[in-house]
Structures are given as C-alpha cells and as structure tokens.
2 protein chains.
Amino acid sequence: MNFPSKLIEDAVSEISRLPGIGKKTALRLTLHILKQPESFSQSLTAAISKLRTEIGYCKKCHNIADQEICSICLGTRRDRSTICVVEDIPDVLAIENTSQYNGLYHVLGGVISPIQGIGPEELKIDSLLNRIDEQLGSDPVQEVILALSATMEGDTTSFFITRKLKEKGIKVSTIARGIPIGGELEYTDEVTLGRSILTRVNYNLE
Amino acid sequence: MNFPSKLIEDAVSEISRLPGIGKKTALRLTLHILKQPESFSQSLTAAISKLRTEIGYCKKCHNIADQEICSICLGTRRDRSTICVVEDIPDVLAIENTSQYNGLYHVLGGVISPIQGIGPEELKIDSLLNRIDEQLGSDPVQEVILALSATMEGDTTSFFITRKLKEKGIKVSTIARGIPIGGELEYTDEVTLGRSILTRVNYNLE
C-alpha cells in the first residue's frame, strides 16, 4: 500500500503492531484520528502514556494496583482464607466479572514453560508461599484454587504448585474442566467460567 | 465491567472511542500495551501525536501532504488534464491502489447533506473551480470524473458540481454504477440491478 505521507505510514505501522489490528484497520483508525479534533488524539496518547508509566502492581497478589496494595487485597468483605491462583491480570478481571468468587487472588505472571525458558523461579510462586506463611497468624489460608489455562503448561504449573502446597497441608482445588481442553481462560464466557469455579474439584496427585 | 485501576479504565475508555473497537477489544489492547516494553507505547503515542499535529494538506487537491503540494499533484508522469473528484482521503488511497487511474485528484472533504447542515460552501467546490481556471493556461483540464458514493447525498453533490462545470464546457463523467465484479445477479439489490440495465454498455468482443 502506498501512503501519501510519512506521518500516515508511521502511524499505520505503529497501530498495526497491536494484536488483531492489520494494516487496513490501522489505516482506518489513523484517518479517523486525523478527522477528530486535536483533543481526541491528545487524550488518547495521554491515557496510553500514563498507563504504561504510572501503573503499579500490588505487592501481595501482583495484580494491577493504584496504591501499594490492590483494592481486592484490601477489601474488608473479601474471604481471606481462599486464594485463587491465576496466570495473568486479564484472568483476575474475567473471574471478577463472573461475581462467583469472593476470595483473594495471586497473579503468577505466566506459567511454567520449558520451551519458552520460563521456570518456576520466573513466576511468583515463592511469593505465594511466603504470603501463605505470613497470613498464618492472622488469616490462615485454607484453600488455594488453581485457575490456570487447561494447557500442558497450565497443568504443569498446577502440579508444581500443588506439590509445594501439600507440604503445608493446605487444601488445593482446581477449577472444573468445563473449559475446553486447549482453550485460553481469557476468552472463556462468563457463565462457563463462573460455573467452573463453583464446581471445582480436589486436585489429587495420585 | 470493573477495572482494578483508574489508569486501565481511562485507557480502555479512550481506546474504545476508536471506530470498531469495543470495551472488550480495548481492554485486550490495553493489557497488551502494559505487557510490552515502554518503548512500544512511547513510539505508538509519538506516532499518533505527530500525525495529528504535523500533518499537512495539499493546497491544490486537499489530499494529505508532507509539503505544501502533495506528491500526486507534483508527479511529472501524471495526466494533468483529468481530475477525479472524491469525498475524502481514503477514497484517494482506494483509487490509487487500483492502479487504473493516472490523473489528478480533488478531495471535497464531504458531500452536500442538508440534514447534517453541510452545504456546498462547506466543501472544496470553489477550490475545484478556481483550480480549473488556474490550470487553463498551462494544462487545461479536459475531464472531471466524479467518484462519489452512490447515495442521495453523493448524487446531489455530483449534480451540483456537474451544473457548475457545464458552464465551463468541461466534460464530466461519473464512475460506473453496477454489479460488482464477482457478484451474483441473484443477490444484487433491485435498484442496482435496474440501474445497471438502464446504463448498459456495448459489449465489444474485440
């Protein structure tokens, strides 16, 4: 495609680096931005810049947070005896939107994947164990729900965490396999996802 | 949807103002931007800001241009005796990508639409007439091709421009309306089909 201006070309190439946006959509967005008043692109770029530079992560659960500790960890109505372990931040949002879960979360930041060179040390697994130890005195954790993707990497990670937690004598469950095998948590519909939390089963190593 | 951070919420609401991008896609893009290195969002926002503040328009044809006059108007291999009148900038790109046209363009910036309060004065119609007068000495314009949408507004605009140009004795044509290439007769709407019969052209075997 030939562009009438280097500025258009640059904007199209930058926007088309976003996932699911091709050159044609990027061009449509670029020309839309051009047609809007300058305040439109100003507030758009300001929001994106601020997002990337000012965002913080909760020191406890590693979810996104505006303060040191996120609003879920600080929530007084939350059941502090249950921790739901998820792969990434979108998973927290997805589970929150089901309104079926009222405990705390723990964001691993990924799953164990030898192919991509991600070992247990790269994930927030130690942080999870420390957190459980710290809570022992005040709010002992009674159950850890593993809500990881139903992939080989997810299963490996579940297995690894379960073995660590069994040593501590904590009940470990995993969300029900209502999720199609090979499916990603982020794209599962709310009803299926909510139901799979309610019908979670004990995670047995045997 | 509840967001864990005001920054996420702001970014999602800004991104979802773009055409064809809903809240869910905006959230996906937002979380993608968060995961990338800071240089990613920096170059994205820089390209968008620069696009909106530094872009220029060609003084002759009102297409996008990096200099005062766009590369098409300056092109030495262009047929300067033909001007194709289009509604907006994407139309220029679309026609250029067909590689079937080698003349100049004129971007109106819209079509006459009494309902939206757009009269002929709001469009670059006077500029088109002036341009034709200016070119009279050096490269007289022989044909004006109207490539406007096949809507009531487009037809009204074509009619208005044709009347103005007839006074100058310039040949005016409009792009063919008919069944799209590859289109099935059975699924073509009645108006298009009726019109394509009325405006039938001689079928030449040679």
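Residues numbered from 1 in each chain as written. Chains lettered and ligands numbered in written order. Predicted model: local features only at pLDDT ≥ 70, side-chain atom pairs only at ≥ 80, totals over all residues. Heavy atoms only, no water.

**So, the overall build of chain A**
Then, in step 1: A count of helical and extended segments in chain A gives 8 helices and 7 strands.
Then, in step 2: With respect to the principal axes defined by its C-alpha atoms, chain A has extents near 65 × 35 × 35 Å.
Then, in step 3: Counting every position in chain A, which comprises 206 residues, the buried fraction comes to 51%.
Then, in step 4: With the model as given, the accessible surface of chain A reaches about 10200 Å², and the carbon-plus-sulfur share is 49%.
Then, in step 5: Between the centroid of the 23 positive side chains of chain A and the centroid of its 27 negative side chains there is a distance of 3 Å. (Helix = DSSP H or I, 4+ residues; strand = E, 2+ residues; numbered from the N terminus. Buried < 20%, exposed > 50% of the residue type's maximum accessible area, 1.4 Å probe, protein only. Areas by Shrake-Rupley, 256 points an atom, 1.4 Å probe, with all protein chains shown as cover. Lys, Arg positive; Asp, Glu negative; His and termini not counted. Charge placed at Lys NZ, Arg CZ, Asp CG, Glu CD.)

**Let's talk about the nonpolar core**
Then, in step 1: Ile8(A), Ile15(A), Ile95(A), Ile8(B) and Ile15(B) are the most contacted members of the largest nonpolar core, which totals 119 residues.
Then, in step 2: Look past the residues within four positions of Ile15(B) in its chain and what remains in contact with it is Leu44(A), Ile48(A), Ile21(B), Ala26(B), Leu29(B), Thr30(B) and Ile33(B). (Core = buried A, V, L, I, M, F, W, Y, C linked by side-chain atoms within 4.5 Å. Contact = heavy atoms within 4.5 Å.)

**What to know about the sheet that holds strand 3 (residues 79–86) of chain B**
Paired through backbone hydrogen bonds, the strands of a sheet run either parallel or antiparallel to each other.
Residue and element names in this part refer to chain B.
Then, in step 1: Strand order in the open sheet formed by 4 strands is 4-3-5-6, with parallel pairing between adjacent strands. In this open sheet, the two edge strands, each paired with only one partner strand, are strand 4 (103–107) and strand 6 (171–174). If you compare each strand with its neighbour and ignore which way they point, the axes differ by 25° on average.
Then, in step 2: Of the strand pairs in this sheet, strand 3 and strand 4 are connected by 5 bridges, and their pairing is parallel. The residue of strand 4 that forms the bridge with Val85 is His106. (Pairing = 2+ DSSP bridges. Axes fitted to C-alpha atoms, helices over the stretch in contact; angles between N-to-C directions.)

**Regarding the UniProt feature "zinc finger region: C4-type" (unreviewed entry) in chain A**
Then, in step 1: Per the UniProt entry, the sites bearing "zinc finger region: C4-type" (unreviewed entry) are residues 58–73 of chain A in this numbering.
Then, in step 2: In the segment residues 58–73 of chain A, helix accounts for 19% and strand for 12%; the C-alpha atoms at its two ends are 8 Å apart. (UniProt positions renumbered as here; feature names shortened; annotations may be inferred.)

**Structural notes on the domain arrangement of chain A**
Then, in step 1: Domain boundaries in chain A define domain 1 (6–54) and domain 2 (75–202).
Then, in step 2: A C-alpha centroid distance of 35 Å is found between domain 1 of chain A and domain 2 of chain A. (Domains from an automatic or database assignment.)

**A word on the pairing of strand 5 (residues 143–147) of chain A**
Two faces belong to every sheet, and in a regular strand the side chains alternate between them.
All names here are of chain A.
Then, in step 1: Among the 5 residues that make up strand 5, 5 are buried, leaving the element largely enclosed by the rest of the structure.
Then, in step 2: Alternating residues of strand 5 divide into Glu143, Ile145 and Ala147 and Val144 and Leu146, and every residue in both groups is buried.
Then, in step 3: For strand 3 (residues 79–86) and strand 5, the ladder comprises 5 bridges, and the chain directions are parallel. Bridge pairing in strand 5 places Val85 opposite Leu146.
Then, in step 4: Pairing geometry for strand 5 and strand 6 (residues 171–174), over 4 bridges, is parallel. Following the sheet pairing, Ile145 is matched in strand 6 by Ser173.

**Focus on empty space enclosed by the protein**
Then, in step 1: As enumerated under the stated definition, the model contains 2 cavities of 30 Å³ or more in all.
Then, in step 2: In terms of lining residues, the largest cavity is bounded by 14 residues, among which Leu18(A), Leu44(A), Ile48(A), Leu18(B) and Ile48(B) are the most central.
Then, in step 3: Residue assignment for the lining of the largest cavity shows that the elements contributing at least two residues are helix 2 (23–35) and helix 3 (38–54) of chain A together with helix 2 (23–35) and helix 3 (38–54) of chain B. (1 Å grid on protein atoms, 1.4 Å probe; cavity = no way out; pocket = protein on both sides within 12 Å on 5 of 7 lines; lining within 4 Å. Points joined across faces, edges and corners; volume = space filled by probe spheres on them.)

**Things to note about helix 8 (residues 190–198) of chain A**
All names here are of chain A.
Then, in step 1: Looking only at helix 8, the buried set comprises Leu193, Gly194, Ser196 and Ile197. All buried residues of helix 8 fall inside an arc of 160° around its axis, so they share one side. Residues of helix 8 that are exposed and point more than 90 degrees away from the buried face comprise Val191, Arg195 and Leu198.
Then, in step 2: Buried residues along helix 8 sit in contact with helix 5 (89–96). (Arc of directions from axis to C-beta.)

**Quick notes on the interface of chain B and chain A**
Frequently, the measure chosen for interface size is the accessible area removed from exposure when the parts meet.
Then, in step 1: Residue-level contacts link 51 residues of chain B with 53 residues of chain A.
Then, in step 2: Both sides of the chain B and chain A interface together cover about 5000 Å² of buried area, and 71% of this is carbon and sulfur.
Then, in step 3: Inspection of the chain B/chain A interface yields 2 salt bridges.
Then, in step 4: With a shortest N-O distance of 2.8 Å, Asp88(A) and Lys35(B) are connected by a salt bridge.
Then, in step 5: Going through the elements one at a time, helix 1 (6–15), helix 2, helix 3 and helix 5 (89–98) of chain B are the ones with two or more residues in the side of chain B that touches chain A.
Then, in step 6: Per element, the largest residue contribution to the side of chain B that touches chain A is 14 residues, and it comes from helix 3 of chain B. (Buried area = accessible area lost by both parts, 1.4 Å probe. Salt bridge = Lys/Arg side-chain N within 4 Å of Asp/Glu carboxyl O.)

**Description of the side chain of Thr30(B)**
Then, in step 1: Inspection of the secondary structure assignment puts Thr30(B) in helix 2.
Then, in step 2: Residues within four places of Thr30(B) in sequence aside, it is in contact with Leu51(A), Ile8(B), Ala11(B), Val12(B) and Ile15(B).

**Notes on the packing of helix 1 (residues 6–15) of chain A against helix 3 of chain B**
In a pair of packed helices, the angle between the axes and the distance between the axes together describe the arrangement.
Then, in step 1: Between helix 1 of chain A and helix 3 of chain B, the least distance of the axes is 9 Å, while the angle of their chain directions is 150°. Considering the angle they form, helix 1 of chain A stands roughly antiparallel to helix 3 of chain B. Helix-helix and strand crossings are classified by hand; for helix 1 of chain A and helix 3 of chain B the assignment is left-handed. Across the interface between the two elements, Leu7(A), Ile8(A), Asp10(A), Ala11(A), Glu14(A) and Ile15(A) from helix 1 of chain A touch Phe40(B), Ser43(B), Leu44(B), Ala47(B), Ile48(B), Lys50(B), Leu51(B) and Glu54(B) from helix 3 of chain B.
Then, in step 2: Tallied by class, the residues present in the contact of helix 1 of chain A with helix 3 of chain B amount to 9 nonpolar, 1 polar and 4 charged. (Parallel < 35°, antiparallel > 145°, perpendicular 65-115°, else oblique. Left-handed = near helix turned anticlockwise from the far one by under 90°. Nonpolar A, V, L, I, M, F, W, Y, C, P; charged D, E, K, R; others polar.)

**Here's the deal with the pattern of salt bridges**
All names here are of chain B.
Then, in step 1: Inspection of the entire model under this criterion finds 16 salt bridges over all chains.
Then, in step 2: With a closest N to O distance of 3.2 Å, Glu14 and Arg17 form a salt bridge.
Then, in step 3: Here Glu14 falls in the buried class, since its relative accessible area comes to 13%.
Then, in step 4: Close ionic contact of Arg80 with Asp139 constitutes a salt bridge, the shortest N to O distance being 3.4 Å. One end of the pair, Arg80, is in strand 3; the other, Asp139, is in the loop between helix 6 (125–135) and strand 5 (143–147), and 59 residues separate them in sequence.
Then, in step 5: When its relative accessible area of 26% is taken as the criterion, Asp139 is described as partly exposed.

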